[in-house]
Amino acid sequence: MAIDLAQFHDAFFEESFEALDSMEAALLKLNLGAPEPELIGTIFRVAHSIKGGSATFGFSEVASFTHTCETLLDELRGNRMQVTRHVTDLLLKSVDVMREMLRSVQRKEPIDAQRVADLQFDLELAIAQKNQPAAAPAPAPVVAAAPAPAAVEAAKPRVAHRWRISFRPYPQLFVHGNDPLRMIRELSEIGELSVKLDGNALPSLEALEPESCYLAWDLTLDTDAAREVVNGVFDWAEGDCDLQITEEEVPVQAAAPVAATAAPASEAKPSNVVNIADAKPAEAPKEAPHPAAAAAVHEGPKAGATDGGSIRVSTEKIDELMNTVGELVITQSMLTQLGSKFTGHAAEQLRSGLATLERNVRELQESVMRVRMLPISFVFSRFPRMVRDLSGRLGKHVELKMTGDQTELDKTVMEKIGDPLVHLVRNSVDHGIEMPDVRSAAGKPQTGTVFLNAYHKGGAITVEVGDDGGGLNKDRILKKARERNLIGPNETLSDDQIYELIFMAGFSTAEQTTDISGRGVGMDVVRRNIKELGGTIEVRSEYGKGSRFIITLPLTLAIVDGQSVAVGTETYIVPLITIIESLQLKQGMVNRVAGSGEVFWFRDGYVPVVRLHEVFGVEPRTTQLHEGLIMVVEGEGRKVGLFVDDLLGQQQVVIKSLETNFRRVDGVSGATILGDGAVALILDVPGLIRVATQRLAA
Amino acid sequence: MTRILAVDDSPSMRDMVRIALSSAGFEVTSASDGQEALDIARQSGFDLVLSDVNMPVMDGIQLIRALRAESAYRHIPILMLTTEAGPDRKKEGKDAGATGWIVKPFDPAQLVATMHRVLR
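Reading the values: rules and limits
- Counting restarts for each chain, with residues numbered from 1 along the sequence as it is written.
- A letter from A marks each chain and a number from 1 marks each ligand, given out in the order of writing.
- Whole-chain, interface and lining totals are the exception, using all residues; otherwise, since this is a predicted model, local features are given only for residues with pLDDT of at least 70 and side-chain atom pairs are given and counted only at 80 or more.
- The helix count covers DSSP runs of H or I at least four residues long, the strand count covers runs of E at least two residues long, and both are numbered beginning at the N terminus.
- Burial is judged by counting the other C-beta atoms within 10 Å of a residue's own C-beta: 20 or more makes it buried, 12 or fewer makes it exposed, and any count in between marks it as partly exposed, with every C-beta position built from the backbone.
- For the purpose of contact definition, each residue receives a C-beta atom placed from its backbone, and two residues are in contact when these atoms lie within 7 Å.
- Two strands pair if DSSP finds at least two bridges between them.
- Fitting a line to C-alpha atoms yields each axis, with helices limited to the stretch in contact; the angle taken between N-to-C directions then spans 0 to 180 degrees.
- Note on scores: pLDDT gives the predictor's confidence for each residue, bounded by 0 and 100.
- Structurally, a nonpolar core is described as a collection of buried Ala, Val, Leu, Ile, Met, Phe, Trp, Tyr and Cys residues joined by way of C-beta atoms within 7 Å.
- Every angle not falling under 35 degrees, over 145, or within 65 to 115 is termed oblique; those three ranges are roughly parallel, roughly antiparallel and roughly perpendicular.
- For any pair of crossing helices, the crossing counts as left-handed if the nearer helix is rotated counterclockwise from the farther one by less than a right angle, and right-handed if it is rotated clockwise.
- Residues are sorted three ways: Asp, Glu, Lys and Arg are charged, Ala, Val, Leu, Ile, Met, Phe, Trp, Tyr, Cys and Pro are nonpolar, and all the rest, Gly among them, are polar.
- The directions from the helix axis to the C-beta atoms are what the arc is built from.

> A description of the overall build of chain A should follow, citing residues and the corresponding values.
Regarding its fold elements, chain A presents 23 helices and 22 strands. Relative to its 698 residues, chain A shows a buried fraction of 33%. Contacts in chain A between residues at least 24 apart in sequence constitute 69% of all its contacts with a sequence separation of at least 6.

> An account of the overall build of chain B is needed here, citing residue identities and associated values.
Each helix and strand counted, chain B has 5 helices and 5 strands in total. Reading the secondary structure of chain B in the N-to-C direction produces β-α-β-α-β-α-β-α-β-α. The buried share among the 120 residues of chain B stands at 62%. Within chain B, contacts between residues separated by at least 24 positions form 58% of all contacts whose residues are at least 6 apart in sequence.

> Which residues make up the sheet that holds strand E10 (residues 536-542) of chain A, and what are the values?
All names here are of chain A. As summarised here, the arrangement of the 5 strands in space is E6-E8-E9-E11-E10, forming an open sheet in which the pairing is mixed. Of all strands in the sheet, those bounded by a partner on one side alone are strand E6 (398-403) and E10. Looking at each pair of strands side by side, their axes are set apart by 15° on average, direction ignored. Pairing analysis gives 8 bridges linking strand E9 (residues 460-467) to strand E11 (residues 546-554), with the strands arranged antiparallel. Residue pairing across strands places Val463 opposite Ile551, the latter belonging to E11. In the packing of helix H15 (residues 383-394) onto the sheet, contacts are made with E6 and strand E8 (448-457), and the angle to E6 comes to roughly 165°. Sitting on the sheet, helix H16 (residues 411-432) touches E6, E8, E9 and E11, and the angle it makes with E9 is about 20°.

> Describe in detail the confidence of the model for chain B, supporting the description with residues and values.
Residues and elements named next belong to chain B. Residue-level pLDDT values for chain B average 86, and 97% of them are 70 or greater. Here helix H4 (residues 87-96) is the element of chain B with the lowest mean pLDDT, 80, and strand E1 (residues 3-7) is the one with the highest, 93. Under the prediction, the complex receives an ipTM of 0.74, its pTM being 0.51.

> Now, about the nonpolar core: what can you tell me, with residues and values included?
Among the nonpolar cores identified, the biggest contains 79 residues, and Ile43 and Val62 of chain A together with Ile4, Leu5, Leu21, Val49 and Leu50 of chain B are the most heavily contacted of them. The contact partners of Leu21 of chain B, leaving out residues within four places of it in the chain, are Ile4, Ala6, Phe26, Val28, Leu111, Val112 and Met115 of chain B.

> Lay out the packing of helix H2 (residues 37-56) of chain A against helix H1 (residues 11-23) of chain B with the relevant residues and their values.
Packing of H2 of chain A against H1 of chain B leaves a shortest axis separation of 10 Å and a crossing angle of 40°. Relative to H1 of chain B, H2 of chain A is oriented oblique. Where H2 of chain A crosses over H1 of chain B, the two elements pack in a sense that is left-handed. When H2 of chain A is examined against H1 of chain B, the residues Gly52, Gly53 and Thr56 of chain A are found in contact with a partner set consisting of Ser12, Met13 and Met16 of chain B. Split into classes, the residues belonging to the contact of H2 of chain A with H1 of chain B amount to 2 nonpolar, 4 polar and no charged.

> So what about the sheet that holds strand E4 (residues 78-82) of chain B? Which residues, and what values?
Residues and elements named next belong to chain B. Pairing within the open sheet is parallel, and its 5 strands lie in the order E2-E1-E3-E4-E5. Edge positions in the open sheet fall to strand E2 (27-31) and strand E5 (100-103), since each of these has one partner strand only. Within the sheet, the average angular offset between the axes of one strand and its neighbour, ignoring direction, is 20°. Pairing geometry for strand E3 (residues 48-52) and E4, over 4 bridges, is parallel. Looking across to E4, one finds that Leu50 is bridged to Leu79. Its contacts with the sheet put helix H3 (residues 60-68) on E1, E3 and E4, and the angle it makes with E3 is roughly 155°.

> Give a description of helix H7 (residues 180-190) of chain A that names residues and reports values.
Within the span of H7 of chain A, buried status applies to Arg182, Met183, Glu186, Leu187 and Ile190 of chain A. Buried residues of H7 of chain A, viewed axially, fall in a sector of 135°; they line one side.

> An account of helix H20 (residues 523-532) of chain A is requested, with residue identities and associated values reported.
Residues and elements named next belong to chain A. Those residues of H20 not exposed but buried are Met523, Val526, Arg527 and Ile530. Viewed along the axis of H20, the buried residues span an arc of 95°, placing them on a single side of the element. Looking at the buried positions of H20, the neighbouring elements they touch are H16, E10 and E11. Positive phi appears at Gly534, one or two residues downstream of H20, with a value of about 80°.

> Report on the packing of H15 of chain A against H16 of chain A, specifying residues and quantitative values.
All names here are of chain A. Orientation of H15 relative to H16, taken along the N-to-C sense of each, is 25°, at an axis distance of 10 Å. One way to sum up the angle between H15 and H16 is to call them roughly parallel. H15 and H16 meet at a crossing whose hand is right-handed. Across the interface between the two elements, Phe383, Met386, Val387, Leu390, Ser391 and Leu394 from H15 touch Val425, Arg426, Val429 and Asp430 from H16. Here the residues of the contact of H15 with H16 are counted per class, giving 7 nonpolar, 1 polar and 2 charged.

> Describe the environment of Val329 of chain A, listing the residues and the values that go with them.
Residue and element names in this part refer to chain A. Tracing the backbone shows Val329 in helix H12 (residues 315-339). By the C-beta count within 10 Å, which is 23 here, Val329 ends up buried. In this structure, the C-alpha to C-alpha distance between Val329 and Val653, residues 324 residues apart in sequence, is 8.6 Å. The residues contacting Val329, other than those within four sequence positions of it, are Val361, Gln365 and Val654.

Structure representation (structure tokens):
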């Protein structure tokens, strides 16, 4: 039978990576003083499954390493070893190494054998150094084969041994599902078997217990099979029978070509009697009973994704589905527009049908969107480890508080928000939180807090990264900005404007750059990444008290809530999230300022007017500001008033990439297809502001 | 057709066992932990149960014990799939009522051969 084991590899890798994540999380939760048996059980099970799987699928290096890991975990599980910081460190490193190994195996790349061997040595050392000296770490991975009947099948009765077998089952043999007939049949397959039944113990019919075994057998087996093959036939009956296997001289003929198969010297020895029921305990001294083991295997249902009925679907399939639904939405709005033009008695029915269609399509779209949503804990989960490692290296005491980690957002957004968040958290630990003595001197608790928070707000998700560290130093930021000519020497800036400086390219305030937080390639990249997602980042800070970075992201990249506006015959979509207010200017409200073009007073400051028709070169209905409308939008902390002919309506639009279908256009983030089949550009407000500013400057 | 209930918390193992056994002509039902297996076992009948030992919610040992308490499962073969070849673990399984065990790693051929050992 040929079954290609490779077909299970992907599933194995996937489940192993997931399992390693949960092992890591459990390790980080582990209480050094009084480790929770459930957690140790979880950790043990991960190592155990990976070992079993990798051995089965032929990844012997992984199996060998994981075996050592498991041995150590078994010691912890049995309370024979203390959970110390050193041990958890080793185990965390083991998680890394197992991940690495699996990744290498997955990519069919060589494994970093040295690193593995080093850590394996450390693990073995730790096992050897536990409280009790004894019990050396099991040296080799378990490669014990199953009771190999496969080897048995081929064996032709080429007589090398004559085994005399006295098989006397205890009455309870049947209870465990074992069947003497099965064993006798198996024996007959490996050689010439003669069977003598001993029915002396059989009671009268009235006294007979149907579930008990009363029979015994004396068997003679002529075979070339070695003793352990014969023993193997009975291995499951161990403890349920008296078994004696004796070798007898083989009469004349077959004495010559012996031992060709399995039997090494020891088996060829003259007969000796082995009672397996006694032999086993002698060769393996019983370890101390471990009370924790029983408790460790009790476990509540696994949290999260594996719970309940779920299936794995590749992201491409969901993207395809999403795309089709997007097309469906467009078709539906086309039909709706068309339907409004019909008259007659059937038109009413048509329209009600279209309304139902619209509702169903919307529900379908929302359902597909939900499929793509994952809790942000997928990103957050890496931080406990990171903060722990970082603070350890820096000699700081840092506690990480995470809230809202079940807040959901689109998978593609999630994938892209990871790096910026890592950067911000690193910054908080490295630059934000002060050294313990500094904190004490400032009257703060020695242990600093880094917090991560996520929540939904409107149609967006907000993620906050903050700390109770030193906060941003305005003077130092200003000084640095002047040194780097980012601002003029006498320019005065508001607090917010000063904080904005840290997002400029080539800015780093750390006294000295470290290998942890990089060298000034930081915040500008963070902002750019977030901007590419259609999100924003801002910072609040109080000197001496800490900083808070607030990231706002769209829930999805696939659709956007937009306001459609008309300029001439064109329609543009402005993302709702960027709109502050729409208003009509009266004559005389607009001032012309040299260098800034037209400006008007809005709330607490002057806002420049950006004439959309000029930016895109289209013919407007009117060029008179008081005849059109001004839509105040905000991007990257700057406000502008977009001058448009008219507002049309709000709608959710499906974003089609311009880059894929055409090319990148400044000030435009994508396009969508409207109900009438026309294409509308979706405005990239921050980009548009940049374009417009450049035009004014030029 | 011989019906086998295969219990393992690892999806890849479960798949492997299922495919190996079903291509050998067995009818296989899978469960991902002891509790699920027990629920399934109570609803329908099986000729053999093959269970992993280390599993969340209810482990293999508890499952075997629970199955042996059910009259329909008193005498059928119940095999444990275990990586632990140690005598302790085997004894624990036997005491719980296991018929026998298969030691991981195994390949599909070994698995099927073992099934034929206890089934006809």
